[in-house]
Amino acid sequence: MAGRLAGSRAARELARRMGFMGSFRAGLSNVGGGPSLPVEICRRDAGGVSPCISSRVTARRFGTAGADEIEARECESNGNQVVNFPGGKVAFVAEMEFLAELLKERINCYRVLDDDGRTISGSSFKEVSKEMALEMYSGMVTLQTMDTIFYEAQRQGRISFYLTTIGEEAINIASAAALTMDDVVFPQYREPGILLWRGFTLQEFANQCFGNKYDYGKGRQMPIHYGSNKLNYFTVSSPIATQIPHAVGAAYSLKMEGKQACAVTYFGDGGTSEGDFHAALNFAAVMEVPVIFFCRNNGWAISTPTSEQFRSDGAVVRGQAYGIRSIRIDGNDALAVYSAVHAAREMAISESRPILIEALTYRVGHHSTSDDSTKYRPVHEIEHWRTARDPISRYRKWVQRNGWWSDENETELRKNVKKELMNAIQISERAEKPPLSELFTDVYDVPTSNLREQEALLRQTIQRHREDYPPDVPL
Amino acid sequence: MAMAARRGATANRGQLVGILRGFSSSSSVVDSWQKNKEGIAGGKPLNLFSAINQALHIALETDSRAYVFGEDVSFGGVFRCTTGLVERFGRKRVFNTPLCEQGIAGFAVGLAAMGNRAIAEIQFADYIYPAFDQIVNEAAKFRYRSGNEFNCGGDPLWSCWPWWHYHSQSPEAFFCHVPGLKPSEAKGLLLACIRDPNPVIFFEPKWLYRLAVEEVPDHDYMLPLSQAEVMREGTDITLVGWGAQLLVMEQACEIAEKEGISCELIDLKTLIPWDKEAVEVSVNKTGRLLVSHEAPVTGGFGAEIAASVVERCFLRLEAPVARVCGLDTPFPLVYEPFYLPTKNKIVDAIKATVNY
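Residues numbered from 1 in each chain as written. Chains lettered and ligands numbered in written order. Predicted model: local features only at pLDDT ≥ 70, side-chain atom pairs only at ≥ 80, totals over all residues. Heavy atoms only, no water.

Q: Requested: an account of the interface of chain B and chain A, with residues and values cited.
A: As a measure of interface size, the accessible area lost when the parts come together is often cited. Facing 45 residues of chain B, the contacting portion of chain A comprises 45 residues. For the pair chain B and chain A, the summed buried surface comes to about 3600 Å²; carbon and sulfur atoms form 63% of the total. At the surface where chain B touches chain A, the tally comes to three salt bridges. Two residues, Glu 257 of chain A and Arg 65 of chain B, come together in a salt bridge whose shortest N-O distance is 4.0 Å. Counting residues per element, the side of chain B that touches chain A draws most heavily on helix α6 (residues 101-113) of chain B, at nine residues. Split by residue class, the side of chain B that touches chain A holds 19 nonpolar, 14 polar and 12 charged. (Contact = heavy atoms within 4.5 Å. Buried area = accessible area lost by both parts, 1.4 Å probe. Salt bridge = Lys/Arg side-chain N within 4 Å of Asp/Glu carboxyl O. Helix = DSSP H or I, 4+ residues; strand = E, 2+ residues; numbered from the N terminus. Nonpolar A, V, L, I, M, F, W, Y, C, P; charged D, E, K, R; others polar.)

See the structure below:
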C-alpha cells in the first residue's frame, strides 16, 4: 500500500514537472482553492485601441451550490461580485472580454532527449533499466524492418494492402513498454508496435496480412487489421475514431471491477475531428474513468495537413475543454513517450480519470500502399524527417552512449529480423485460406436460418461452377 | 412456460383487448384471447412501460454486470421505463449519459466488449441516426471482423421510442439490412433480447406505453426470439405485421370479417431473422398476403417479406402481395391521419386482394 502511494506521489511529482496541464497540486479539493491556470485573454492592437482588454482570468473549479447556499451576491476580495448559476459560482466583471481563440504561445512540448540523443539537462524522466532500454530499441528496429518488408511484399503483389508506422516507432514501442498486459488497447491502425511489444509474432502478423487459416480474424479483413484477445488488443476496424468511445466503455468496466489497469486508445490528428472523439472525451470526463487518449499528431490525415484539420493548437488544448488533464510530448523521443505514458497510467488508475496525450511526430511513410504522398508534400520534407528526425537513430545514440549497444549488435539484429520475416512470409503465403464455412460464422454467435439457407445455395452454385471460384479456399 | 410465453408475448396482444373494448365489442377477439389465457397463472395488470420497467429490474437483478444508461434514465426516464432502477441498483449501474447518441452507442460497445451487459437507451428512435455508425460498423461487425476474438454480444440493446417528425420515425428497416443485428420487439422479449449473446435492437411503440394493459406474470421469463405468432386464425388472406400496427390490423380484420372475409393475422415479433416458415404455412393456406407497417413503403421491411413469400409461394398466390404502409415522406404532424396506414386503408387493400 505504502509502495503504491509512494508510486502515485512520485508519478504525480513527475507529472507536475513534465507539465501536465490541469490540477497538479497535491490535496486538491473541488470547492474553492482549485488550481489557477492563468489564461491570457486578448491581444492589443498595434494602435493601442482594441475591442478587448487583456487581463488575467483565473480558472477555478467551484462546487455546485445547493439551494440553501444560494446568495444573491458575494464580494470577492478584489471587488468582483459572484453569483450562483447551475454549474457553480462565477465572478462577474464589468468589462466585456472575449477569450482569445489561441493562447499567446503554443503549449510546450515535453522531451527528454535532444535531437542528438543526449538527455537534456534538468529533464525529468522515468528511468529505464538496460534490459528494458534494449528491449525497446530492438522492438523499434523490428517494427521498422517489418514495415519495410511487408510494404515491399505488397508492392510485389504478395499481399493486397499495407500501411507503415515509419517515423512513429517510438510512439508504438515506448508507449507499449510503459503499459502492462492488463491494460486494454483500442488502436486505430498505425499501432502494430503495441502488439509486437506484447508478443504477437512476426508469423502472426504475416498470417493476418495473407488472410490464411491461421489468421485470428479468419481472413475477413484487409491486412493490418490485427487483433488479439490474449494480448488485450482490440481488433482494428477501418472507420476512423470509432474505437475512442469503446475505450471509455471499457475503462468504465475496469473501474467497476476495481482493476489496477486502464484502457488506452490511439488515434491520429485526423481522428480528433470525428464526432466520436468529442463524444468519448466528454463521456470519459463525466464518468471519471481510467482511460488514456493517445493522439499521434503526425501532421497528415492522408493528404490533409493539420492546417486543414483544425484551428486549435493541436489536440492537447482540447482536453481542457472537456475537463481532462493533458500533455503534449515529443513523439519521436522514446524516453519522453515512455515517461509520459507511465505517469498518465498512474494518474488514470489511481485517480480514476482520463488523460490526453498529444504526441507530436511525423508520418514518414505514405498513408498506405494506396497512397503516394509525394503528390501533396515535398520530397525533401519527407527525407528530412526520415533521416535527421528519425526516432530510432536518435534513441540508438542514447543507448550506444550508455555502452549498451554496438554496431555489431545492430547488424546482427537487423539481419535476424529480416530473415525471420522472409521466412514467415513464405510460410504464410503457402498456407491455405480459411474454409468456406467461416464466411457464415460469427455474424451471430450461432448462424441464423437465413444464413444457413444462403450457405446451402452458395454451395450448390459452387458445385455447378467450381472453376469460377478461388481454389485456395477449402470448401 | 409456453402458455406464459404466449401471454407475455405481446403486451401487444393484451393491448388489443384493452383498446378494442373501447371501439367494438367483438366477441371473437375477446374469445380468442380468453382461450389463450387458459392455464396461465395470473399476474398483475401492467401497461407496456411498466412491463418494460419490470424486465429491466429483473435484468439488473439477475446479472450484476448489467448496466442501464442513456439520457435522463436516472430520474426514471421521459417515459418512466427506468423508474426505480437507480434507487435499487445505484448510480454506478444506472446512470445518465451526456446528450450524445454516438457516445452512448460507442460507450455501450466498449462496455459490452469487456463482458458486461450494456443496456443502452436511445430516447426516441429518430435520434438513433448519430449512433448508426457505431451500431452498423462497430457493434454489428465486432464479432465477425475479429474472427470471434472479441464480441459485444449480450450487448447493446437499444430501446427506441417513435413520436412524430423527429419523434415518430420507424427506422427498423435500416437495421434489418445490417447483418449482425437483431431488431426485435415487451417483457419476455426484452429479457430474451438482453440475454441474447448478440447485439440486439429493441423497438418499443411509445403510444402504447400507457394504452396497452394486460396481466403480466411477475416472474423472470423469456420469450423465444424469431418465433412469429398467429394472433387470429383465418382462411381468406394472411396479414403480417409487428409492433403497434397490429392493433390497427386487428381492427381491420374485424371490419373485414363483418363483410365475410376471414383474415389470419400474424405477429412477426422479430424482424431479423424473421419466421419465414410460419408465414409460408399461412400463405399456403390462404393464398393471399398483406403486409403493413408505419415506416415508409419504399424499401421498407414489407418489401423483404413480399419478395421472400413470392419466392416460396409463387404458385399458390392468388393475388399480388399488398403492402399498406407509411408514405415516402418525413412523418408530418397535422397530416398524421393521412400518412398512417389506417384501418380503412387496410380494409380496402384486403378487399382488393380478395377480389383480385
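Q: Would you mind going over the environment of Arg 198 of chain A in detail, with residue names and values included?
A: Residue and element names in this part refer to chain A. Tracing the backbone through its elements, the reader meets Arg 198 in helix α4 (residues 192-198). The buried category is assigned to Arg 198, whose relative accessible area is 7%. Every residue in contact with Arg 198, bar those within four places of it in the chain, is listed here: Leu 179, Thr 180, Met 181, Asp 183, Val 185, Leu 231 and Asn 232. A polar contact of 2.8 Å, which involves the side chain of Arg 198, links it to the backbone oxygen of Asp 183. Reaching out from Arg 198, the side chain makes a polar contact with the backbone oxygen of Leu 231 at a distance of 2.8 Å. (Buried < 20%, exposed > 50% of the residue type's maximum accessible area, 1.4 Å probe, protein only. Polar contact = N/O pair within 3.5 Å; in protein donor to acceptor, adjacent residues only side chain to side chain.)

Q: Now, about unusual backbone geometry: what can you tell me, with residues and values included?
A: All names here are of chain B. In this chain, Ile 272 is followed by Pro 273 through a cis amide linkage whose omega measures -15°. Its location among the elements puts Pro 273 in the loop between β11 (263-267) and α13 (276-286). A positive phi angle, near 65°, is found at Asp 72, a position not held by glycine. Examined against the element boundaries, Asp 72 turns out to sit in the loop between β2 (66-70) and α5 (85-89). Here Asp 72 falls in the partly exposed class, since its relative accessible area comes to 34%. The phi dihedral of Arg 80 is positive, around 65°, even though this residue is not glycine. On the secondary structure map, Arg 80 appears in the loop between β2 and α5. Overall, Arg 80 belongs to the partly exposed group, its relative accessible area being 26%.

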